[in-house]
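Summary of the model geometry
Below are the chains, spelled out letter by letter.
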Amino acid sequence: MRQVTIAPGHWLAPDPAASYARMIRDGCPPGVTSAGRTHAQQRSIFLSRYTPQATGTGRYGDVQWWDGVRYVRTSGPSSASAPGSARSLHERGDAIDVPEPARTWVRTHGAAYGWLRDTVPGEPWHMVYQPDRDTHPGSIVPLPTDLPEDRMRRTIHTRTKDLALPLGWKTLPVNDKGHTSACTTVGRGTLVADLTLTGVPRGREVQVRAIVVESDADGKNAKIVSRGSIVEIIGTGGQTFGQIVAPFELAKITGKRQRRVRIQALTLDKGIRLTHLTTTVDYIPA
């Protein structure tokens, strides 16, 4: 792959590099903290933050699989993709990390140049170049998982009915029939949830997270057994978009109890509505 320098010590693949140059030409303040990475660089970053661990999710709730080994993040300021995986967009030269004031400019104008924001929970500096998409400008699309394709299964739920969110935590229905579980199949996988909200005041936030609950077979009498990392969705005053990317594991439970992946949202302001939700679950059955 040809590497195009975009700033001293930083490069991108040709197409995103050309797009970045157009943004600079059109008024984006210069500033890049990370861009393309070699395989060796991505491997070094990943191994500095993740440790092989057969069970548990650690303090960050961040679990990844690489070369058939389960890794848990034990340190580092943010997540890192497993080297060589489909998620390793820095390694492909399709992602940049930008500081302020460039960050605000790209978050506001970047969609017109093919850049998506908020594709990684808790990393507002991370921007991904993905111009070929059939969703609305500035929207967020599910990231590919790095699960083996020969065993991977995918399920998708879509919620389109408008839903008023009460104050406090609310478990979200993942389809128009009111179902709240994104996956009940025993195994491991990744949940990607794309949300569209209205009524979130500019600068205010809605918090969302994935949880694993243990419940009766019909979903009742549930108790939370693990909580994913909280993602903050910052309001725009109009339509507001957000995304969760959460690894999960569903273990076998004795008797008639089940474990399920669900999505929760915490609202702190009245008048907020969920207008669209799509959940994509890639998983490998046990």
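Residues numbered from 1 in each chain as written. Predicted model: local features only at pLDDT ≥ 70, side-chain atom pairs only at ≥ 80, totals over all residues. Heavy atoms only, no water.

**Remarks on the sheet that holds strand E6 (residues 95–97)**
Which entries qualify depends on this criterion: In short, DSSP must find at least two bridges between two strands for them to pair. A run of H or I in DSSP becomes a helix once it reaches four residues, and a run of E becomes a strand once it reaches two; helices and strands are each numbered from the N terminus.
Across the sheet, 3 strands lie side by side as E6-E8-E7; this open sheet has antiparallel pairing. Strands with a single pairing partner mark the edges of an open sheet, and in this sheet they are E6 and strand E7 (115–116). Sheet topology note: the E7/strand E8 (residues 126–129) ladder contains 2 bridges and is antiparallel. The residue of E8 that forms the bridge with Leu116 is Val128.

**What about the sheet that holds strand E4 (residues 63–66)?**
Heads up, the condition is: Helix axes are fitted only over the stretch in contact, all axes being lines through C-alpha atoms; the angle between N-to-C directions runs from 0 to 180 degrees.
If you walk across this open sheet you meet the 3 strands as E3-E5-E4, and the pairing is antiparallel. Sheet topology places strand E3 (50–52) and E4 at the edges, where each strand pairs with a single neighbour. If you compare each strand with its neighbour and ignore which way they point, the axes differ by 35 degrees on average. Relative to strand E5 (residues 69–73), E4 runs antiparallel, the two sharing 4 bridges.

**Let's talk about the nonpolar core**
Most often, soluble globular proteins have nonpolar side chains that are buried together. Here is the rule: Note on terminology: a nonpolar core comprises buried Ala, Val, Leu, Ile, Met, Phe, Trp, Tyr and Cys residues joined through side-chain atoms within 4.5 Å. Partly exposed describes any residue whose relative accessible area lies between the buried limit of under 20% and the exposed limit of over 50%, with all areas from a 1.4 Å probe on protein chains only and scaled to the type maximum.
Counting residues in hydrophobic clusters, the biggest one holds 29 residues, and the most contacted among them are Leu172, Leu191, Val208, Phe248 and Leu274. Secondary-structure elements contributing two or more residues to this core are strand E12 (181–183), strand E13 (187–198), strand E14 (205–215), strand E16 (231–234), strand E17 (240–250), strand E18 (258–267) and strand E19 (273–285).

**Let's talk about the packing of aromatic side chains**
Let me state the cut-off plainly: Side-chain rings of Phe, Tyr and Trp (the six-membered ring for Trp) are treated as a pair once their centres are within 6.5 Å; stacked means planes under 30 degrees apart, edge-to-face means over 60, and tilted covers the remaining angles.
A complete count under the given rule lists 6 aromatic pairs for this structure. Ring centres 4.5 Å apart and planes at 10 degrees place the aromatic pair Phe46 and Tyr50 in the stacked group. Take Phe46: its relative accessible area is 0%, and that puts it in the buried class. The class for Tyr50 is buried, based on a relative accessible area of 2%.

**Some thoughts on the pattern of salt bridges**
In plain terms, the rule: Whenever a carboxyl oxygen of Asp or Glu lies within 4 Å of a side-chain nitrogen of Lys or Arg, that contact is scored as a salt bridge.
Within this structure, the stated rule accounts for 9 salt bridges. The partner of Asp97 in a salt bridge is Arg37, and the shortest N-O contact between them spans 3.9 Å. Placement of the pair is Asp97 in strand E6 and Arg37 in the loop between helix H1 (14–25) and helix H2 (39–49), with a sequence separation of 60 residues. Under the relative-accessibility criterion, Asp97 is labelled buried at 7%. Here Glu214 ties to Arg259 by a salt bridge, and the two come within 3.4 Å at their closest N and O atoms. Taken together, the positions of Glu214 in strand E14 and Arg259 in strand E18 put the pair 45 residues apart, joining distant regions of the chain. A relative accessible area of 12% means that Glu214 is categorised as buried. Taken together, the shared-partner salt bridges connect Glu214, Asp216, Arg257 and Arg259 into one network.

**What about the pairing of E19?**
Summarising burial for E19: 11 of the 13 residues are buried, a large majority. Relative to E19, strand E9 (residues 153–159) runs antiparallel, the two being bridged by 7 bridges. Paired with Arg154 across the strands is Asp282, a residue of E19. Relative to E19, strand E10 (residues 163–164) runs antiparallel, the two sharing 2 bridges. Counterpart to Leu163 in the pairing with E19 is Leu274. Pairing of E13 with E19 involves 12 bridges; the strand directions are antiparallel. Its bridge partner being in E19, Arg188 is matched across the sheet by Ile284.

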